[in-house]
Amino acid sequence: MITLGTYNTLEILRDTSVGLFLGDGEGNDILLPNKYVPENYEIGEELTVFCYLDHSERPVATSLEPDILVNEFQLLKVVEVNEFGAFMDWGLEKHLLVPFREQRDKMQEGHWYVVYCYLDQQSNRLVGSNKIDRFLSNDTLSVKEDDVVDLLVSRKTELGYEVIINNLHKGLVYNNEIFKSISIGDNTKGVIKKIRPDHKIDVSLQPLGEKILEPAANKIYEQLMAHGGFLGLHDKSDPELIKEELQMSKKVFKKGIGTLYKARKIEIKNDGIYAIGS
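The rules behind each value
Residues numbered from 1 in each chain as written. Predicted model: local features only at pLDDT ≥ 70, side-chain atom pairs only at ≥ 80, totals over all residues. Heavy atoms only, no water. Helix = DSSP H or I, 4+ residues; strand = E, 2+ residues; numbered from the N terminus. Rg over C-alpha atoms; globule rule 2.2 N^0.38 Å. Buried < 20%, exposed > 50% of the residue type's maximum accessible area, 1.4 Å probe, protein only. Areas by Shrake-Rupley, 256 points an atom, 1.4 Å probe, with all protein chains shown as cover. Lys, Arg positive; Asp, Glu negative; His and termini not counted. Charge placed at Lys NZ, Arg CZ, Asp CG, Glu CD. Core = buried A, V, L, I, M, F, W, Y, C linked by side-chain atoms within 4.5 Å. Contact = heavy atoms within 4.5 Å. Pairing = 2+ DSSP bridges. Axes fitted to C-alpha atoms, helices over the stretch in contact; angles between N-to-C directions. Polar contact = N/O pair within 3.5 Å; in protein donor to acceptor, adjacent residues only side chain to side chain.

**Student:** Please clarify how the overall build of the chain should be interpreted in this entry.
**Tutor:** A tally of helices and strands in the chain yields 3 helices and 18 strands. Taken against the 2.2 N^0.38 rule, which gives 19 Å for 278 residues, the C-alpha radius of gyration of the chain at 25 Å runs more than 25% over that of a compact globule. With the principal axes as the frame, the chain shows a C-alpha extent of 75 × 45 × 35 Å. Classification of the 278 residues of the chain by burial places 44% in the buried group. Of the accessible surface of the chain, which amounts to about 15,500 Å², a share of 48% is contributed by carbon and sulfur atoms. One way to put it: in the chain the 33 positive side-chain charges average out to a point 10 Å from where the 44 negative ones average out.

**Student:** Any chance you could explain unusual backbone geometry here in plain terms?
**Tutor:** Trans is the prevailing form of peptide bonds, just as negative phi is the prevailing case for residues other than glycine. Of note in this structure, Asp146 is not a glycine but carries a positive phi near 80°. Mapped onto the secondary structure, Asp146 falls in the loop between strand E10 (125-129) and strand E11 (148-156). For Asp146, a relative accessible area of 44% translates into the label partly exposed. In this structure, Gln247 takes a positive phi of about 55° despite not being glycine. By the secondary structure assignment, Gln247 is in the loop between helix H2 (239-246) and helix H3 (250-262).

**Student:** Sorry if this is basic, but what is going on with the nonpolar core here?
**Tutor:** The nonpolar side chains of a soluble globular protein tend to be buried, and buried together. Counting 19 residues, the largest nonpolar core has Met88, Trp90, Leu96, Met107 and Val115 as the members making the most contacts within it. Ranked by residues supplied to this core, first place goes to strand E9 (residues 112-120) with 3 residues. Sequence-distant contacts of Val115, defined by excluding residues within four places in its chain, comprise Ile68, Glu72, Phe73, Gln74, Leu76, Met88, Val98, Met107, Ser129, Asn130 and Ile132.

**Student:** Would you explain the sheet that holds strand E18 (residues 272-275) in this entry?
**Tutor:** Sheet strands line up and pair through hydrogen bonds in the backbone, either parallel or antiparallel. If you trace the 3 strands from one edge of the open sheet to the other, you get E16-E18-E17, paired in antiparallel fashion. Each end of this open sheet is capped by a strand with a single partner; those strands are strand E16 (230-231) and strand E17 (266-269). Strands in contact with H3 are E17 and E18; relative to E17, the strand with the most contacts, it is inclined by about 125°.

**Student:** So what exactly am I meant to see when it comes to the side chain of Asp54 here?
**Tutor:** For Asp54, the location among the structural elements is in the loop between strand E4 (46-53) and strand E5 (59-62). On the basis of relative accessible area, Asp54 is assigned to the buried category, the value being 15%. Polar contacts involving the side chain of Asp54 include one to the main-chain amide nitrogen of Ser56, which spans 2.8 Å. Setting aside its immediate chain neighbours within four residues, Asp54 contacts Val60 and Lys94.

**Student:** Help me understand the pairing of strand E12 (residues 160-165) in this model?
**Tutor:** Walk down a regular strand and you will see the side chains alternate between the two sheet faces. Counting buried positions over the 6 residues of E12 gives 6, a clear majority of the element. With 5 bridges connecting them, E11 and E12 associate as antiparallel partners. By the bridge assignment for E12, Leu152 is matched with Ile164. The antiparallel pairing of E11 with E12 creates a hairpin that spans 3 residues between the two strands. Judged from the 6 bridges that link them, E12 and strand E13 (residues 169-174) form a sheet pairing that is antiparallel. Residue Val163 lies in a different strand from E13, and its bridge partner there is Gly171. The hairpin turn running from E12 into E13, its antiparallel successor, is 3 residues long, and Asn166 in that turn takes a positive phi close to 50°.

Here it is in C-alpha cells:
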C-alpha cells in the first residue's frame, strides 16, 4: 500500500523517459520524476520517498523532505491566498492548501500559523487545518504526571501558552512558570506537571521538584565561569533580573546557589556570587 502524506519505502520497478516507477509489492506503483531520481540506482532496489498529489492531482513521489507529515501539527508560512483558501509552504513544489472552512481566523499572506495536515477522505487530497483543537483530545489520556513529553507551542492566551502534547493532547504552560523565551511554533520538551479532574493538563518546561536542583546549579555555575567567576546576582536580587539573566525563577535560583554553596563551589557576598578560587 502506498500512503499519501508520509514516507514510503518502495521498490524500483522500471525506468522510463519521465522517471522511475516505484512499487509497493501489492500491484500499486507511483512515479518518481526524473529530477528526483538518484544518480546511481538499480532496478529492484528500494528507495524511501515522500508521496503526495502533484499539481494535476496525480500521486507522485519525491525525494524532498516536507516540513509536515500527515496527521501532524507544524508552524507553516502562508505564501498565497486566493479564492480557494490559503496555501502554505511545506517544503514541496505544490503548496499545502488550507481551505477557508479550515481557517480559525482569516489567514494572511506572509503570516505563520500552526496547522494540522490530514487526508481529506472525500477528495483524497492532503489539506491543512488551522482549527487545531478538533484534532486534539483530552478525553482519553496517554500521559501521566511527571512524564517527559514532546511539545509544540500552539497559541498565546491570557494565562500562558497552549501547547500540543505528543501530537495528541492539549496542555497549558502558565505565564508565571515560563523562564525562557518561547514563541508560537517552537518544538521543545516538557514535563506533565498536573492532570486536573476535567483532564486539563498543566505543563512545565523544566524538570519538576528536586529534579531541577542539579540542572539549575549547573547552569548557574556555567554562567558564573563564563563571566570570569562572578555574577552580580544573589538571594536579594530582583526576580525579573534573575529571569532575564538565567531563564529561571528566583526560587529555583536560590535553591541552585544553595546547592553550589553546600558543595563549596561559590561564595555569596553582598554584590553577588563568586566562584571559589576565582
